[in-house]
There are 2 protein chains.
Amino acid sequence: MPQHPAADAPKATAATGTDAVTSDAATHAREVLVEERRSIDNIDAALVHLLAERFSHTQRVGVLKATHGLPPADPSREREQIDRLRSLADDAGLDPVFAEAFMRFIVTEVIRHHERIRDEGSADS
Amino acid sequence: MPQHPAADAPKATAATGTDAVTSDAATHAREVLVEERRSIDNIDAALVHLLAERFSHTQRVGVLKATHGLPPADPSREREQIDRLRSLADDAGLDPVFAEAFMRFIVTEVIRHHERIRDEGSADS
């Protein structure tokens with residue numbers, strides 16, 4: 001399909017040519033979008049599995065804390081985690097502000113779990 | 001160190017024995033905690049790198065959407081992503097409610113990026 005129809009070509013042909021270019025670009029864009037979304041879906045599956053693994057570790061930490069009467073939250077550890085992640089994010093090209101928000105989002109959930117473990121423990125005793 | 005001191009042992013010795021048991025348990029707990037936190041830190045580094053990779057894909061999607069005049073948000077795609085992640089989370093032993101909240105947290109940030117790309121694009125034109 002000609003991308004640059006001759007100047008003397010009938011108007012209808014020129015219009016069809018333009019539409020075809022637009023349509024080709026749109027088809028290509030759709031293909032790229034499908035491909036990108038496939039990668040994003042793969043990454044999301046990996047994220048979910050890593051998060052599941054992370055929570056199995058924090059679950060053990062929660063039991064340990066409850067057993068030894070340690071508080072569910074540990075602000076100095078959290079500060080260290082956030083500082084480290086901001087630095088890792090910076091190196092990896094991820095917005096450190098987002099990395100910090102992400103870490104706080106996860107840690108809030110973890111503390112909720114730890115509190116639940118502690119409260120279930122005291123309900124049992 | 002005796003865990004069950006003889007009934008006729010002097011009180012001081014019995015107390016020392018108990019302290020030693022407590023201290024051994026506390027030392028072990030601290031060791032386990034350090035080990036668990038090392039694993040958590042490794043997982044967090046992996047999460048940050050995956051998130052950086054995810055945002056490099058969504059950045060390309062944002063440019064594609066802006067170029068083709070597609071809206072930054074896509075509710076039907078988001079619904080599909082959330083349903084899929086809830087199911088993956090369920091299989092992986094991760095709370096599906098948390099998986100959904102996590103996905104919404106990420107997607108909110110992505111839409112913000114897409115809007116920024118679109119607005120920067122129209123500012124240029």
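Here the structure is a predicted model, which is why all the values come from computation and not from measurement.

### With respect to the interface of chain B and chain A
Moving on, step 1. Opposite the 47 residues of chain B that make contact, chain A presents 47 residues.
Moving on, step 2. Taken over both partners, the interface formed by chain B and chain A buries close to 4,700 Å², and the fraction arising from carbon and sulfur atoms is 75%.
Moving on, step 3. Per-residue buried area on chain B facing chain A is highest for Arg 77, Phe 98 and Phe 105 of chain B; these three make up 13% of the total on that side.
Moving on, step 4. Where chain B meets chain A, there are 8 salt bridges.
Moving on, step 5. The salt bridge partner of Asp 41 of chain B is Arg 77 of chain A, with a shortest N-O separation of 3.2 Å.
Moving on, step 6. For the interface between chain B and chain A, the tally reads 12 residue pairs in polar contact (both at pLDDT 80 or more).

### Details of the relation of the copies chain B and chain A
Moving on, step 1. The transform that puts chain B on chain A rotates by 180° and translates by 0.0 Å along the axis, for an RMSD of 0.0 Å. In symmetry terms, the pair is related by a two-fold rotation axis. Rotation axis and chain B: the residue whose C-alpha lies nearest the axis is Leu 47 of chain B, separated from it by 3.3 Å.
Moving on, step 2. When you check the interface residues of chain B against chain A, 100% turn up at the interface there too, and the contact is symmetric in its surfaces.

### Brief notes about the pattern of salt bridges
Moving on, step 1. Considering all chains together, one arrives at 18 salt bridges over all chains under this definition.
Moving on, step 2. With a closest N to O distance of 2.6 Å, Arg 86 of chain A and Glu 100 of chain A form a salt bridge. Of this pair, Arg 86 of chain A sits in helix α2 (residues 75-92) while Glu 100 of chain A sits in helix α3 (residues 96-124), and the two are 14 residues apart along the sequence.
Moving on, step 3. The partly exposed category is assigned to Arg 86 of chain A, whose relative accessible area is 29%.
Moving on, step 4. A salt bridge links Asp 119 of chain B to Arg 118 of chain B; its shortest N-O distance comes to 3.1 Å.
Moving on, step 5. One salt-bridge network, held together by shared partners, links Arg 86, Glu 100 and Arg 104 of chain A.

What counts and what doesn't
Residues numbered from 1 in each chain as written. Chains lettered and ligands numbered in written order. Predicted model: local features only at pLDDT ≥ 70, side-chain atom pairs only at ≥ 80, totals over all residues. Heavy atoms only, no water. Contact = heavy atoms within 4.5 Å. Buried area = accessible area lost by both parts, 1.4 Å probe. Salt bridge = Lys/Arg side-chain N within 4 Å of Asp/Glu carboxyl O. Polar contact = N/O pair within 3.5 Å; in protein donor to acceptor, adjacent residues only side chain to side chain. Least-squares fit on C-alpha atoms with pLDDT ≥ 70 in both. Helix = DSSP H or I, 4+ residues; strand = E, 2+ residues; numbered from the N terminus. Buried < 20%, exposed > 50% of the residue type's maximum accessible area, 1.4 Å probe, protein only.

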